[in-house]
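# Remarks on the overall topology
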4 protein chains.
Amino acid sequence: MTPADPAFRDRVATAFAAQGFARTLGARLVSVEPGRCEIDCMFHDGLTQHHGMFHAGVLTTLADNACGFAAMSLLPPGGEVLSVEFKISFLRPGAGVAAVARGEVLKPGRTLTTCRADVHMRDASGRETLAATMLATMMAAAPEARGANPATGARDIPAAPGTRRIAAPP
Amino acid sequence: MTPADPAFRDRVATAFAAQGFARTLGARLVSVEPGRCEIDCMFHDGLTQHHGMFHAGVLTTLADNACGFAAMSLLPPGGEVLSVEFKISFLRPGAGVAAVARGEVLKPGRTLTTCRADVHMRDASGRETLAATMLATMMAAAPEARGANPATGARDIPAAPGTRRIAAPP
Amino acid sequence: MTPADPAFRDRVATAFAAQGFARTLGARLVSVEPGRCEIDCMFHDGLTQHHGMFHAGVLTTLADNACGFAAMSLLPPGGEVLSVEFKISFLRPGAGVAAVARGEVLKPGRTLTTCRADVHMRDASGRETLAATMLATMMAAAPEARGANPATGARDIPAAPGTRRIAAPP
Amino acid sequence: MTPADPAFRDRVATAFAAQGFARTLGARLVSVEPGRCEIDCMFHDGLTQHHGMFHAGVLTTLADNACGFAAMSLLPPGGEVLSVEFKISFLRPGAGVAAVARGEVLKPGRTLTTCRADVHMRDASGRETLAATMLATMMAAAPEARGANPATGARDIPAAPGTRRIAAPP
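Now for a look at the structure at hand. On a predicted model such as this, the values are computed, not experimentally measured, just so you know.

This next bit is on the packing of aromatic side chains. One pass over the full model with this rule turns up 14 aromatic pairs over all chains. With a centroid separation of 6.1 Å and an interplanar angle of 40 degrees, the aromatic rings of F21(A) and F21(B) are classed as tilted. With one member in each of two chains, F21(A) in helix 2 (residues 20-25) and F21(B) in helix 2 (residues 20-25) form a pair that bridges those chains. Per residue, the accessibility class of F21(A) equals that of F21(B), and both read buried. Taking the centre distance of 5.2 Å and the plane angle of 85 degrees together, the rings of F43(A) and F54(A) count as edge-to-face. One end of the pair, F43(A), is in the loop between strand 2 (36-42) and helix 3 (56-72); the other, F54(A), is in the loop between strand 2 and helix 3, and eleven residues separate them in sequence. Given the relative accessible area of 12%, F43(A) is considered buried. When its relative accessible area of 3% is taken as the criterion, F54(A) is described as buried.

Have a look at this one:
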């Protein structure tokens, strides 16, 4: 797939860096290629469900981000994405020293982009096992005014070079 | 719906308290009734996506927990749940001072329980707006041995009174 | 919900009548209200899966149609819909003398409409049991040129009064 | 993947032949391998949505069957499957002379099997285009008593050699 914006890597990196929740998880943007994105996250006690493994919500967040940024990599300059919906199936327990999500675009579109992502558990020796798989719909957000949380007045994220602020979704 | 275990509230509260990720979010178990569960979470900068609103992964985690604990409330003593899969649709931006997820059981079963959850945004005046809706499949986990993360040796969660340890899933 | 087109019932009825597959099933458009649609279908031997009950694909088709036409009822004159995606959970066996799907709009939008539908089994006494539930995303199709199947040259459907032909999707 | 039943092909072929709905569509069981299944269906006027293309419900039925029989191929003798739930995303219009669904098992299990399927459109020259993709959960049905539709008394399907009748689901 051919990116419409040669600066797509910077655009994705800036959006990723602006996510307070990615910082909270300790998630790391590993790589972005046209139509692809990899994100990983080390296991720690703050990410567990009630059996001491990765919470399903952590794996889902990583997969959602991997899909969203895979979609964003193909958008024209200033293009941003919103998650319309996704479905995730959990195949094996979330037991590993790290979780790795790899997202890819199945079908790009001007408005909607359909993506999939696999989430693997990585053990101490680096071996990976498939733990979850996602199918997601992402929507290109009109780059108009990037809104702060209107209900809280939460500090707005400075727009990255080459991006404009986006309006509220659907 | 009639609970099979009169101590279902304690069982759910113990499991919720054992989730490191719920603590990381600042999520709060508001209520558990037979086949129903409500969980909420105040907005803060550590929960944002790249536009300064609630990350989709936060809303998903709250909804997953609300579905899982609604299912768990109907299980016999010692019964625990695992998320098999879920799908969530995002209807409006995650903009609010708090997010509130309400889960309910659509169809209980010995092995599988189908649930749904709505996630509302709450504004400063307490008014709520529907932001997302989930459809989920939960699986009753055989209460045998509750495993620590085998890859990390992460500290095991002490079993609650009336629960036993559960084995790895499907 | 307020319909943008007072002739929404005719528009939906015309689209429903144009579905060869609805005729094949023997499906019937029971009612259309703003943001709501009900469709039913009598059981017969041509609709079974391998245990002699309604095939999951039949229930899914009814639910997809009920969601799609619920969405279509709120669109402006000429507006048509396409299914972007859906997820359906099967709660009980598809055993009944008829299946009844009721769809409703959860969140209308200019481009995307999120819908849900329940599918009930009806027995000989008219009693209903919930058999399946769907969550769906529908997309408004630009009313430009309603395409025949380009690969087959299949006979085009005459456009209804007040509709225009629509172009291919996303 | 290794089949637990050397006669898995016969078992799948018998179940497929017992589906009244597959006959109604004109669907054809192309191939079954351990953990894989391909089903196709020629386009005709009885399978259309309101724009003269394949109805989403047809593509979904083919994908559901391809997933279900891929799962069934790995079950022990007598094992049958029920669809627990699935999600399907539609990527391109259902325009072709035939639709081809290919299902595969992502994760087999004693109780639950997670599958995926792609549905391609085939044009007159045999070229294929991806039109839809499904993620599905299948459940192994206890081979006890294969039920007729209790509400209709519809003619029961004769059990295949090596199969027993199955009980009602979850």
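Still to come is the rest of the account.
With seven residues of chain A at the contact, the number on the chain C side is seven residues. Buried surface at the junction of chain A and chain C, summed over both partners, amounts to about 700 Å²; 69% is from carbon and sulfur atoms. Joining chain A to chain C, the criterion identifies zero salt bridges. At the boundary of chain A and chain C, one finds zero residue pairs in polar contact (both at pLDDT 80 or more). Counting residues per element, the ones that place at least two in the side of chain A that touches chain C are strand 3 (80-90) and strand 6 (128-141) of chain A. A per-class count over the side of chain A that touches chain C returns four nonpolar, two polar and one charged.

With that settled, consider helix 3 of chain A. When the terminal C-alpha atoms of helix 3 of chain A are compared, their 24 Å separation across 17 residues agrees well with the 24 Å that a helix rising 1.5 Å per residue should span. Judged by how many residues are buried, helix 3 of chain A sits mostly within the fold: 17 of 17 residues are covered.

Cut-off values and rules
Every chain is numbered independently, its residues counted from 1 as its sequence is written. Key to labels: chains lettered from A, ligands numbered from 1, both in the order written. Local features in this predicted model are restricted to residues whose pLDDT is 70 or higher, and side-chain atom pairs enter the listing and the counts only when it is 80 or higher, whereas totals over whole chains, interfaces and linings include all residues. Side-chain numbers come from the whole structure's heavy atoms, not from hydrogens or water. The rule is short: rings of Phe, Tyr and Trp, with Trp giving its six-membered ring, pair when the centres are within 6.5 Å, and they are stacked under 30 degrees, edge-to-face over 60, tilted in between. The helix and strand labels rest on DSSP assignments: H or I over at least four residues marks a helix, E over at least two residues marks a strand, and numbering proceeds from the N terminus. Working definition: with a 1.4 Å probe on protein chains only, accessible area under 20% of the residue-type maximum means buried, over 50% means exposed, and in between means partly exposed. Should any heavy atoms of two residues lie within 4.5 Å, those residues are considered in contact. Values labelled buried area give the accessible surface lost by two parts on being combined, using a 1.4 Å probe and summing over both. Whenever Lys or Arg places a side-chain nitrogen within 4 Å of a carboxyl oxygen from Asp or Glu, that contact is recorded as a salt bridge. Think of a polar contact as two N or O atoms within 3.5 Å of one another; within protein, one of them needs to be a possible hydrogen donor and the other a possible acceptor, and neighboring residues in sequence only count if both atoms come from side chains. Each residue gets one label: Ala, Val, Leu, Ile, Met, Phe, Trp, Tyr, Cys and Pro are nonpolar, Asp, Glu, Lys and Arg are charged, and the others, such as Gly, are polar. Expected span of a helix: the number of residues minus one, times 1.5 Å.

Geometric values such as these leave the question of function open.
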